[in-house]
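In case you want the letters, here they are:
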Amino acid sequence: MTLSRMNVESKTHLMTPGPVASHPDILKTLGLPMIHHLSKDFQATLSRVLPKLKEFFVTNETVFLHMSTGYGGLESAVVNTLSPGDEVLVIVSGKFGERWAEICEMFGLKTERWNIPWGDFADPAELKKKLETKPYKAVLTQACESSTGVLQPIEDFGRLTRQTETLLLVDGISSVGAVKLPMDAWGIDVLVTGSQKSLMLPAGLAMISLSVKAKEASKKSKLPKYYWNLNFEEANLKKGRTHFSSSVSLIRALDTALDLVLKSGLNVHLSNVEKKSTATLKAGETFGLRVFAKRPSQSLTAFQLPEGVPGEDVLKSLEKQNIYLAGGQDKMLGKLIRIGHMGHIENEDVVYVLRKLFSLLLEKSPQSFTAKNLDLAIAAAQTCLKS
Ligand SMILES: Cc1ncc(COP(=O)(O)O)c(C=O)c1O
């Protein structure tokens, strides 16, 4: 057995849509001794991180940090820009859209849920019509709806909302740093992400940025906010600190992560993620799987399993081999296999995991798949990854 084969077989393969496999440099930074968050050393870290975050969000605006998971960032987006009774349109095309609608409802917003069948995306022509009929204060959407693997046409949405008073609030938790999503150029008014996705950190940091239009709206926003108040954050960032205690270890690791992601330029990083996504899509289709998303995101791929193949059993069997993939959520429980392309994943890991997954599916459902297609699928993945 070759050394590289031994390595790939003895590794833990975390290829879910988040959390994702971390990079050894990040793990090393996470293990450094604790320092105080008001020390000169930490202030220096924060002052390095802030401009890099702007590069990561492709914005000239400040990117704020909350010591929370991604949902903290989504709640912050709502309470910092909106007021009770505001009419908002929430694109609900999966589990994460549902939850953002719940946040809006909880805060007393007049929430219109635009329900899209799971696996599908919101049609910009429909959005245009909706914007013509009502002066929504905001449209809220995921960029990638992680429960289905769909990538929403955010550039088109931004083209529409930027001509109106309506704000475009984007949950970029499973997409910033994984798919093209330039905040300023595409007219995104609020963009949120979380640390456990393309930044390869543990969960625990949310990042949020507001456009000039969103900042104007925030001056009039009357929803209650204390922990999430971005005015506090802005005032403190000017003094070189966050308003509440900084998560020192995570922010130092964020400094390392941003260096890794931006090292050869964000676009090179995005192309690497895309290559893994293309390889997975091609391999899956060649093997005979159906891609669930009508407009697949490069950050993750959701395959729909043939009727009768128990998705949860497949995941459990893979876990026994140290391979972690994700299943379907809610009504798609047991029916999907979701594979993440973010994180520290080598090309050989992709091939190894796909081979293990397909072999297991062939074993569980020999009537749906063939050994010949398995070999062709792996060859297709290898060709994509080499290109
Ligand atoms: C699109 C999307 N939104 C929101 C979240 C929730 O983030 P967190 O679990 O960090 O609060 C996730 C996490 O999986 C996500 O993928």
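Reading guide: rules and limits
Residues numbered from 1 in each chain as written. Predicted model: local features only at pLDDT ≥ 70, side-chain atom pairs only at ≥ 80, totals over all residues. Heavy atoms only, no water. Helix = DSSP H or I, 4+ residues; strand = E, 2+ residues; numbered from the N terminus. Rg over C-alpha atoms; globule rule 2.2 N^0.38 Å. Buried < 20%, exposed > 50% of the residue type's maximum accessible area, 1.4 Å probe, protein only. Contact = heavy atoms within 4.5 Å. Areas by Shrake-Rupley, 256 points an atom, 1.4 Å probe, with all protein chains shown as cover. Lys, Arg positive; Asp, Glu negative; His and termini not counted. Charge placed at Lys NZ, Arg CZ, Asp CG, Glu CD. Near = heavy atom within 4 Å. Polar contact = N/O pair within 3.5 Å; in protein donor to acceptor, adjacent residues only side chain to side chain. 1 Å grid on protein atoms, 1.4 Å probe; cavity = no way out; pocket = protein on both sides within 12 Å on 5 of 7 lines; lining within 4 Å. Sits in = over half its atoms within 2 Å of the grid points. Phe/Tyr/Trp six-rings, centres within 6.5 Å; stacked < 30°, edge-to-face > 60°. Lys NZ or Arg CZ within 6 Å of the ring centre and 35° of its normal. Points joined across faces, edges and corners; volume = space filled by probe spheres on them. Nonpolar A, V, L, I, M, F, W, Y, C, P; charged D, E, K, R; others polar. Pairing = 2+ DSSP bridges. Axes fitted to C-alpha atoms, helices over the stretch in contact; angles between N-to-C directions. Right-handed = clockwise from strand over helix to strand, strands pointing away. Salt bridge = Lys/Arg side-chain N within 4 Å of Asp/Glu carboxyl O.

How would you summarise the overall build of the protein if you had to cite specific residues and measurements?
The helix and strand tally for the protein stands at 14 helices and 15 strands. Whereas a compact globule of 387 residues would reach a radius of gyration of roughly 21 Å, the protein reaches 21 Å, a difference of no more than 12%. Referenced to the eigenvectors of the C-alpha coordinate spread, the extents of the protein come out at roughly 60 × 55 × 35 Å. Burial status across the protein gives 58% buried among its 387 residues. Long-range pairs, those at least 24 residues apart, make up 73% of the contacts in the protein between residues at least 6 apart in sequence. In the structure as shown, the protein presents an accessible area of about 16,300 Å², 53% of it carried by carbon and sulfur atoms. The centroid of the 47 positive side-chain charges in the protein is displaced by 2 Å from the centroid of its 40 negative side-chain charges.

Describe in detail unusual backbone geometry, supporting the description with residues and values.
Following Gly18, the chain continues to Pro19 via a peptide bond in cis, the omega torsion being 0°. Counting through the fold element by element, Pro19 comes out in the loop between strand S1 (13-14) and helix H2 (24-30). Residue Met200 is not a glycine yet carries a positive backbone phi of 65°. Examined against the element boundaries, Met200 turns out to sit in the loop between strand S9 (190-194) and strand S10 (206-210).

Lay out the site of the ligand with the relevant residues and their values.
Every residue lining the ligand is accounted for by Thr69, Gly70, Tyr71, Phe96, Cys144, Ser146, Asp171, Ile173, Ser174, Gln196 and Lys197. Gly70 places a main-chain nitrogen or oxygen 2.8 Å from an oxygen atom of the ligand. Between the ligand and Gln196, the relevant distance is 2.8 Å, taken from an oxygen atom to a side-chain nitrogen or oxygen of the residue. Here the ligand is seated within the second largest pocket.

Quick one: what's the story with the packing of aromatic side chains, residue by residue and with numbers?
Given two aromatic rings, their pairing is described by the distance between the two centres and the angle made by the two planes. Following the criterion strictly, the structure yields seven aromatic pairs and no others. Judged by centre distance (6.2 Å) and plane angle (55°), the ring pair of Tyr226 and Phe244 falls under tilted. Here Phe244 lies in the loop between helix H9 (230-238) and helix H10 (248-262) and Tyr226 lies in the loop between helix H8 (212-220) and H9, a separation of 18 residues in the sequence. When its relative accessible area of 57% is taken as the criterion, Tyr226 is described as exposed. Pairwise contacts between aromatic rings join Tyr226, Tyr227, Trp228, Phe232 and Phe244 into one cluster. The aromatic ring of Phe121 is capped on one face by Arg295, whose charged end is 6.0 Å from the ring centroid.

Could you give me a rundown of the side chain of Gln196, with the residues and numbers involved?
Topologically, Gln196 is positioned in the loop between S9 and S10. Of the residues examined, Gln196 reaches a relative accessible area of 13% and is grouped as buried. Non-local contacts of Gln196, meaning those with residues more than four positions away in its chain, are made with Gly18, Pro19, Val20, Leu201, Pro202 and Ala203.

Before we move on, can you summarise the layout of surface pockets with the specific residues and values?
Over the atoms a probe the size of a water molecule is rolled, and this reveals where empty space is left. When its volume is computed, the largest pocket comes out at roughly 450 Å³. If you trace the largest pocket, you find 22 residues lining it, with His269, Asn272, Lys276, Gly343 and His344 closest to the centre. Counting residues per element, the ones that place at least two in the lining of the largest pocket are H10 and helix H11 (266-287). At six residues, the largest contribution of residues to the lining of the largest pocket is made by H11. Forming the walls of the second largest pocket are 17 residues, and the residues nearest its centre are Phe96, Ser146, Ile173, Gln196 and Lys197. Residue composition of the lining of the second largest pocket, grouped by class: six nonpolar, eight polar and three charged.

Explain the sheet that holds S9 to me, and be specific about the residues and the numbers.
Here we have seven strands laid out as an open sheet, ordered S2-S10-S9-S8-S5-S3-S4, and mixed in their pairing. Here the strands that pair on one side only, and so sit at the sheet edges, are strand S2 (63-66) and strand S4 (110-115). The average angle at which neighbouring strand axes cross in this sheet is 20°, direction not considered. Here four bridges tie S2 to S10, and the two strands are oriented antiparallel to one another. Counterpart to Val63 in the pairing with S10 is Ser209.

Explain the pairing of S4 to me, using residue names and the numbers behind them.
Taken together, the six bridges between strand S3 (residues 87-92) and S4 define a ladder with parallel strand orientation. Among the inter-strand pairings, Glu87 is bridged to a residue of S4, identified as Lys110. Each parallel crossover has a hand, and the one from S3 via helix H5 (residues 95-106) to S4 is right-handed.

Describe in detail the pattern of salt bridges, supporting the description with residues and values.
For the structure shown, the criterion picks out 18 salt bridges. Residue Asp255 pairs with Lys52 through a salt bridge whose shortest N-O separation is 2.4 Å. Taken as a pair, Asp255 in helix H10 and Lys52 in helix H3 (residues 40-57) lie far apart in primary sequence, 203 residues in all. An identical accessibility class is assigned to Asp255 and Lys52; each is buried. Across the pair Arg113 and Glu105 runs a salt bridge, and its minimum N-O distance is 2.9 Å. For Arg113, a relative accessible area of 32% puts it in the partly exposed group. Members of the salt-bridge network, linked through shared partners, are Arg48, Lys52, Asp255 and Asp259.

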